[in-house]
Amino acid sequence: MKAVVIRTFGDPDGLEIVDVPVPVPAPGQVRIATEAIGVGGVDAVIRRGTLAAYGFREGHILGSEVAGKVTAVGDGVDASWIGRRVWAFTGLSGGYAEQAVALIEDVLPLPDGLTGADAVTLGGSGVVAHFALDRARFTSGETVLVRGAAGSIGLTAVQLAARGGANAVAVTTSSVERGARLRDLGATHVIDRSGEGGSDAPAGFDVVIDVVGGPQLPLFLDKMNSNGRYVAVGVVGGQPPADFGMRLMDAFRRSLSFATFSSDTVPGPDRQAVRSSHFADAAHGGLRTVVHAVLPLDQAVLAHGEMDAGKVFGRVVLAP
């Protein structure tokens, strides 16, 4: 079967499509013929070699979430799964392939009316957005800033904050056109990537959900209200300055809080319950998914190039 591997760490050109054996599901696993493969920010971080210290090596097959039909089951898995359309989390590897394996506890059946592309756009990102707002103790009437709102996590966080009764939902973005699209999804104020612009934007925020990180993170700590809560859910813009914690200490009397959040810390059944609810909501026209483009598997280089260039609004999906 065809799969995309990291030939060399670095630029998207280091990705290569190769022939690999069809995986055999181990006990407790299913094998899925993929119809849609999500391309996420963590894939780009792994591809660049940033996480090599955590055991990622050249030759690694990227991809963590897929949708498609179950074609085989391992020992201990009910054979009635065969032939069902599902979404699955494959870990941090193995998704960019014509067939992938996943543990049965990381698999959900897809409701009617939800496409595979929609599922891989919402499946992982929706859980992060939901629990990040929960970690921030967000409540109705508060002001929220979503930094890096044009990706699938940010787009879902905007919708959930708006639906949760936020007094204002501000977003950072790179263009007027993107700002208009974010307003259509529930944003009330649009500011630029440095936090400037929007003369009527709130002077401060009770909650910041940050997908970006990077060298400008301290600027957004300064925009928090007293008792504000800042939750970092990604570092697609790179690591923040090593001394960014000094900003918090300088604002000691404002009782600010900073936290990182990974959905890995949420119990599996809780993740799956939220994900199932989101899928049903999206299938009935509630939560909206934004698919930037659906590209053939052999165009993974293009998909990553679009991501690196900041051209993606929503999620890029690969389709074998």
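Below you will find a few notes about this structure. (Residues numbered from 1 in each chain as written. Predicted model: local features only at pLDDT ≥ 70, side-chain atom pairs only at ≥ 80, totals over all residues. Heavy atoms only, no water.)

1. Description of the overall build of the chain
When its secondary structure is counted, the chain shows eight helices and 15 strands. Against the compact-globule benchmark of 20 Å for 320 residues, the chain has a radius of gyration of 20 Å, which places it among compact chains. Over its C-alpha atoms, taken along the principal directions, the chain stretches across nearly 55 × 40 × 35 Å. Taken over 320 residues, the chain has a buried fraction of 51%. In the chain, the share of contacts with a sequence separation of at least 24, taken over all contacts with a separation of at least 6, comes to 71%. Carbon together with sulfur atoms contributes 52% to the accessible area of the chain, which is approximately 13700 Å² in total. (Helix = DSSP H or I, 4+ residues; strand = E, 2+ residues; numbered from the N terminus. Rg over C-alpha atoms; globule rule 2.2 N^0.38 Å. Buried < 20%, exposed > 50% of the residue type's maximum accessible area, 1.4 Å probe, protein only. Contact = heavy atoms within 4.5 Å. Areas by Shrake-Rupley, 256 points an atom, 1.4 Å probe, with all protein chains shown as cover.)

2. A closer look at the pattern of salt bridges
Close approach of charged atoms allows side chains of opposite charge to pair. In total, this model carries eleven salt bridges according to the counting rule given. One salt bridge connects Asp 210 with Arg 147, and the closest N-O pair in it is separated by 2.9 Å. With Asp 210 in strand β11 (residues 205-210) and Arg 147 in strand β8 (residues 143-147), this pair connects stretches of sequence that are 63 residues apart. Using a relative accessible area of 4% as the deciding quantity, one classes Arg 147 as buried. Three or more residues joined by partner-sharing salt bridges are found here, namely Arg 47, Arg 48 and Asp 308. (Salt bridge = Lys/Arg side-chain N within 4 Å of Asp/Glu carboxyl O.)

3. Here's the deal with the nonpolar core
Counting residues in hydrophobic clusters, the biggest one holds 48 residues, and the most contacted among them are Ile 209, Val 233, Phe 261 and Phe 279. For this core, the elements supplying multiple residues, two or more each, are α2 (116-135), β8, α3 (152-163), β9 (168-172), β11 and α7 (268-283). Ranked by residue count, the leading element in this core is α2, at ten residues. Apart from the residues lying within four places of it in its own chain, the contact partners of Ile 209 are Ala 132, Leu 133, Ala 136, Leu 145, Val 146, Arg 147, Val 231 and Val 233. Counting 30 residues, the second largest nonpolar core, distinct from the first, contains Ile 37, Val 66, Leu 295 and Val 312. (Core = buried A, V, L, I, M, F, W, Y, C linked by side-chain atoms within 4.5 Å.)

4. What about the packing of α2 against α3?
Running from N to C, α2 and α3 point in directions that differ by 50°, and their axes come no closer than 8 Å. With respect to α3, the axis of α2 lies oblique. By crossing handedness, the relation of α2 to α3 is classed as right-handed. The residues of α3 that touch α2, namely those facing Thr 121, Leu 122, Ser 125, Gly 126, Val 128, Ala 129, His 130 and Leu 133, are Ser 152, Ile 153, Thr 156, Ala 157, Leu 160 and Ala 161. Tallied by class, the residues present in the contact of α2 with α3 amount to eight nonpolar, six polar and no charged. (Axes fitted to C-alpha atoms, helices over the stretch in contact; angles between N-to-C directions. Parallel < 35°, antiparallel > 145°, perpendicular 65-115°, else oblique. Left-handed = near helix turned anticlockwise from the far one by under 90°. Nonpolar A, V, L, I, M, F, W, Y, C, P; charged D, E, K, R; others polar.)

5. Focus on the environment of Ala 168
Here Ala 168 lies in strand β9. With sequence-adjacent residues up to four places away left out, Ala 168 is seen in contact with Glu 142, Thr 143, Val 144, Thr 188, His 189 and Pro 202.

6. Section: helix α4 (residues 176-184)
Within α4 the residues assigned to the buried category are Arg 178, Gly 179 and Leu 182. Taken end-on, α4 shows its buried residues confined to a sector of 100°, consistent with a single buried face. Exposed residues lying more than 90 degrees from the buried face of α4 are Val 176 and Asp 184. Downstream of α4 by one or two residues, Gly 186 has phi in the positive range, about 125°. (Arc of directions from axis to C-beta.)

7. Here we look at the packing of aromatic side chains
Enumeration over the complete set of coordinates arrives at three aromatic pairs. Between the aromatic rings of Trp 87 and Phe 279, the centroid separation amounts to 6.2 Å while the plane-to-plane angle is 65°, which identifies the pairing as edge-to-face. Taken together, the residues span a long stretch of sequence, with Trp 87 in strand β5 (residues 85-89) and Phe 279 in helix α7 at a distance of 192 residues. With respect to class, Trp 87 is no different from Phe 279; both count as buried. These aromatic residues form a ring-pair network of at least three members: Tyr 230, Phe 244 and Phe 258. (Phe/Tyr/Trp six-rings, centres within 6.5 Å; stacked < 30°, edge-to-face > 60°.)

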